[in-house]
Amino acid sequence: MSQVLDTPPNATAAHEDLAALAARHGLSVSGARPSLPEYIRQLWARRHFISAFATAKLTATYSQAKLGQLWQVMTPLLNAAVYYFIFGVLLGTKRGVPDYVPFLVTGVFVWTFTQSSIMAGTRAISGNIGLVRALHFPRAALPISFCIQQLQQLMFSMAVLAVILLAVGVPPAVSWVLVVPALVLQFVFNAGVSMVLARIGAKTPDIAQLMPFVLRTWMYVSGVMWSIDNLLKQHHGWPVWLDDVLRANPAAVYIDLMRFALIDSFHAGQLPPHVWAWAIGWALFAGVGGFIYFWKAEETYGRG
């Protein structure tokens, strides 16, 4: 009896037996993080769910309003009207900027796409915790679907922007096709940043309260309501590094690309050097880096 009591069970052997048993029957740890290629495959398999979820969210956003989906167009237009009055008229930022109305509206619409994507992504996990705990699916589907929702919202705004451009006498041009690659790169960038903040927001929900202040500051330095090119010409005494930071700002890069594509008076000389390289670089850095950062915490979402 003493020999039996003094001999500890072989825990290692028991663990190996259980692992072999699980492997033989195709069992795996519930909620375990899949490999990165497998994770991508699972996301692609659920692409229809991601797009349908985004469309449903967009439709539900204004379902209780009497004007319904008309607010998808009216909201960014009203924002642009307020910015025009405050910045264009009262502060005079429209001076020296040809076609200021399309210049401003383009900036507001493109910025709103980034701002709304990031804010929605911040709450993607913490705001849908019931869905995360109830169903098994790649959690990256949530921030990506919210970015798709904001892209769908932007499509309504772009239709209005086209009407505004034609109304103020800006003719259609071949350069308008550049809108497509610019939007693709901006979407990848937005999705990457959203996934980073979705992971942070899953553990620290208070980040959602801080983000409006961060985004507001980012907007004011991104040339949404004023021309970065004109500002830099007026302040020659600024440090060179500050000029580079303003021009390389990812929000400003995507806004400038859209203005260059749509407004004929916004010429190539107003673009920062190597603008397409910056746009691609920011998209790859945020998109790939944000996706991997989010994937590494996949098994923690919805727990604790």
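Reading the values: rules and limits
Residues numbered from 1 in each chain as written. Predicted model: local features only at pLDDT ≥ 70, side-chain atom pairs only at ≥ 80, totals over all residues. Heavy atoms only, no water. Helix = DSSP H or I, 4+ residues; strand = E, 2+ residues; numbered from the N terminus. Buried < 20%, exposed > 50% of the residue type's maximum accessible area, 1.4 Å probe, protein only. Contact = heavy atoms within 4.5 Å. Areas by Shrake-Rupley, 256 points an atom, 1.4 Å probe, with all protein chains shown as cover. Lys, Arg positive; Asp, Glu negative; His and termini not counted. Salt bridge = Lys/Arg side-chain N within 4 Å of Asp/Glu carboxyl O. Polar contact = N/O pair within 3.5 Å; in protein donor to acceptor, adjacent residues only side chain to side chain. UniProt positions renumbered as here; feature names shortened; annotations may be inferred. Core = buried A, V, L, I, M, F, W, Y, C linked by side-chain atoms within 4.5 Å.

- In the nomenclature of an unreviewed UniProt entry, the protein is known as Transport permease protein of Streptomyces galbus.

### Focus: the overall build of the protein
Phase 1: Regarding its fold elements, the protein presents 14 helices and zero strands.
Phase 2: In sequence order, the secondary structure elements of the protein are arranged as α-α-α-α-α-α-α-α-α-α-α-α-α-α.
Phase 3: Of all 304 residues assigned to the protein, the portion counted as buried reaches 44%.
Phase 4: Considering only intrachain contacts with a sequence separation of at least 6, the fraction spanning at least 24 residues in the protein is 79%.
Phase 5: Accessible surface, the protein: about 16000 Å² in total, of which carbon and sulfur atoms supply 68%.

### Overview of the side chain of Arg139
Phase 1: For Arg139, the location among the structural elements is in the loop between α7 (129–134) and α8 (141–167).
Phase 2: One buried charged residue, Arg139, remains without a salt bridge, the closest side chain of opposite sign being Glu298 at 4.3 Å.
Phase 3: One polar contact links the side chain of Arg139 to the main-chain carbonyl oxygen of Val132, over a distance of 2.8 Å.
Phase 4: Those residues in contact with Arg139 that sit more than four places away from it in its chain are Tyr39, Ile125, Val132, Phe294, Glu298 and Tyr301.

### Examining the UniProt feature "transmembrane region" (unreviewed entry) in the protein
Phase 1: Listed under "transmembrane region" (unreviewed entry) in the UniProt record, and renumbered for this structure, are residues 73–93, 100–118, 154–170, 176–198 and 275–295.
Phase 2: Structurally, residues 100–118 is divided into 100% helix and 0% strand, and its ends, taken at the C-alpha atoms, are 27 Å apart.

### Things to note about the side chain of Glu298
Phase 1: Note that Glu298 resides in the segment after α14 (275–295).
Phase 2: Here Tyr39 takes part through its side chain, which lies 2.6 Å from a polar atom of the side chain of Glu298.
Phase 3: The contact partners of Glu298, leaving out residues within four places of it in the chain, are Arg33, Pro34, Tyr39, Phe137, Pro138, Arg139 and Ala140.

### Re the nonpolar core
Phase 1: Counting residues in hydrophobic clusters, the biggest one holds 82 residues, and the most contacted among them are Leu43, Trp111, Ala140, Met225, Met258, Leu262 and Phe294.
Phase 2: Broken down by element, this core gets its largest block of residues, 12 residues, from helix α6 (residues 100–122).
Phase 3: Residues within four places of Leu262 in sequence aside, it is in contact with Thr106, Met158, Leu161, Leu165, Val170, Trp176 and Val179.

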